[in-house]
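# Descriptive analysis of the structure
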Amino acid sequence: MSPRAAIALPDSVGRVVMSPSATAAAADRATDVSETPVTLNIDGQPVEVAPGTTIHGACVQAGVDTPTLCWAENLTPVNVCRVCVVELEGSRALVPSCSRPAEDQMVVQTDSPRVRHSRRMVLEFLGSGVDLSQADDLHQWIQAYGADPDRYSDENHPVERVDEPVKIQDELYIRGLLENTFAIAVAGRGFDARISTEFDVTLPDSACVYCGNCVGVCPTGALQFKTEYDLREVEEWRPEDQTVTRTVCSYCGVGCNLDLHVQDERIVKVTSPADHSVTSGHLCIKGRFGWQYVHGE
Ligand code: SF4
Ligand code: SF4
Ligand code: FES
């Protein structure tokens, strides 16, 4: 059975925390397990994992690369993109590996023709409606599965892509797709699907606390830091030239870890390690965006 889907909520300082139902689900997963390791078979290879590990987690442990979009290690799985599906012996439908717990004696195929076909279709559908040009991590998967979003287009039915950025406030731009927290979400269906605040109010009137955690987990480049967006606009965004230095936020006693991304001796964005016990990759507005003083601004 899939874990309960739940949303992440910003806390009083703006960090995204798991909602009560998500916390309960996590507690269930933590307590509803024995100590006996689970042994499953992935692509013909036996893999032993701790109880409660997902199939995706088992794949990671086995060194089997698996694409993900809506999953992040610091969010509760929501099962919406289906790019991570695998074939499970005895199951009629493909199963999402990011949320399905590994069970003893499972036999999993991650690279069968059916899995490859499904993943290719997901990537093509996504790419046919959304500009993925800045989704750096997705390009390898698009190539690996031979996905060709343009095959949904012809002269009479050109593909329509969301190419133009939509500025929703000074530090945050939405370029097309989705996020997965409380203040903004996908509204509408089909071609009317769009990013919206609750009741379409402006961002300052919404529940948004400007923490930027949505930017931190966005896998497609749809949400970007303004510094990154501006540098990309003038073709000066150079991740290969950036250094990343870990430090501790100096604003309050929570002690969040910050990763300072520096290019040409200037901070260009701040992230936080997803596996850190204090931040889980999330920050508040001060830690995420309050670094201009470093440059005397
Ligand atoms: S910045 Fe993003 S994650 Fe933070 S509250 Fe606003 S919409 Fe939610
Ligand atoms: S340590 Fe910094 S980022 Fe963390 S809650 Fe305090 S001010 Fe925010
Ligand atoms: S990564 Fe989206 S459903 Fe698994």
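Positions within a chain are numbered from 1, following the residues in the order the chain's sequence is written. Each chain takes a letter, starting from A, and each ligand takes a number, starting from 1, following the order in which they are written. Totals for whole chains, interfaces and linings use every residue, but because this is a predicted model, local features are given only for residues with pLDDT of at least 70 and side-chain atom pairs only at 80 or more, for both listing and counting.

In space, the five strands of this open sheet follow the order β4-β3-β7-β5-β6, with mixed pairing throughout. Edge strands, defined here as strands with exactly one partner in the open sheet, are β4 (45–49) and β6 (95–96). C-beta atoms are placed from the backbone for every residue, and two residues are taken to be in contact when these atoms lie within 7 Å. For helices, the fitted line uses only the C-alpha atoms of the stretch in contact; every axis is such a line through C-alpha atoms, and the angle between N-to-C directions lies from 0 to 180 degrees. Runs of H or I in DSSP of at least four residues are treated as helices and runs of E of at least two as strands, each being numbered from the N terminus. Along the sheet face, helix α2 (residues 55–62) touches β3 (38–42), β4, β5 (85–88) and β7 (107–109) and points at about 115° away from the line of β4. Along the sheet, helix α3 (residues 113–129) contacts β5 and β7; its crossing angle with β5, the most-contacted strand, is approximately 160°. Any two strands with at least two DSSP-identified bridges between them are counted as paired.

On to α3. When the terminal C-alpha atoms of α3 are compared, their 25 Å separation across 17 residues agrees well with the 24 Å that a helix rising 1.5 Å per residue should span. Partly exposed residues are those whose C-beta has more than 12 but fewer than 20 other C-beta atoms within 10 Å; with 20 or more the residue is buried, with 12 or fewer it is exposed, and the C-beta atoms are placed from the backbone. Listed in full, the buried residues belonging to α3 are Val115, Arg119, Val122, Leu123, Leu126 and Gly127. Summarising the axial view, the buried residues of α3 lie within an arc of 125°, below the 170-degree limit, and thus occupy one face. Exposed and facing more than 90 degrees away from the buried side of α3 are Pro113, Arg114 and His117. Here a helix's expected span is defined as the number of its residues, less one, multiplied by 1.5 Å. This arc is built from the directions going out from the helix axis to the C-beta atoms.

Taken together, twelve residues sit near ligand 2, with Cys249, Cys252, Cys256, Cys284 and Gly287 positioned nearest. Its residues assigned to classes, the shell around ligand 2 comprises eight nonpolar, two polar and two charged. Each residue receives a C-beta atom built from its backbone; the residue is near a molecule or strand if that atom lies within 6 Å of it. Nonpolar residues are Ala, Val, Leu, Ile, Met, Phe, Trp, Tyr, Cys and Pro. Charged residues are Asp, Glu, Lys and Arg, and all others, Gly as well, are polar.

A separate point is the sheet that holds strand β15 (residues 266–271). Across the sheet, which stays open at both edges, the three strands sit in the order β13-β14-β15 with antiparallel pairing between neighbours. For this open sheet the edge positions go to β13 (243–248) and β15, each flanked by a neighbour on one side alone. Put simply, the sheet's adjacent strands are angled 30° from each other on average, direction ignored. Across six bridges, the pairing between β13 and strand β14 (residues 257–263) is antiparallel. In the strand pairing of β14, Thr245 is matched with Leu260.

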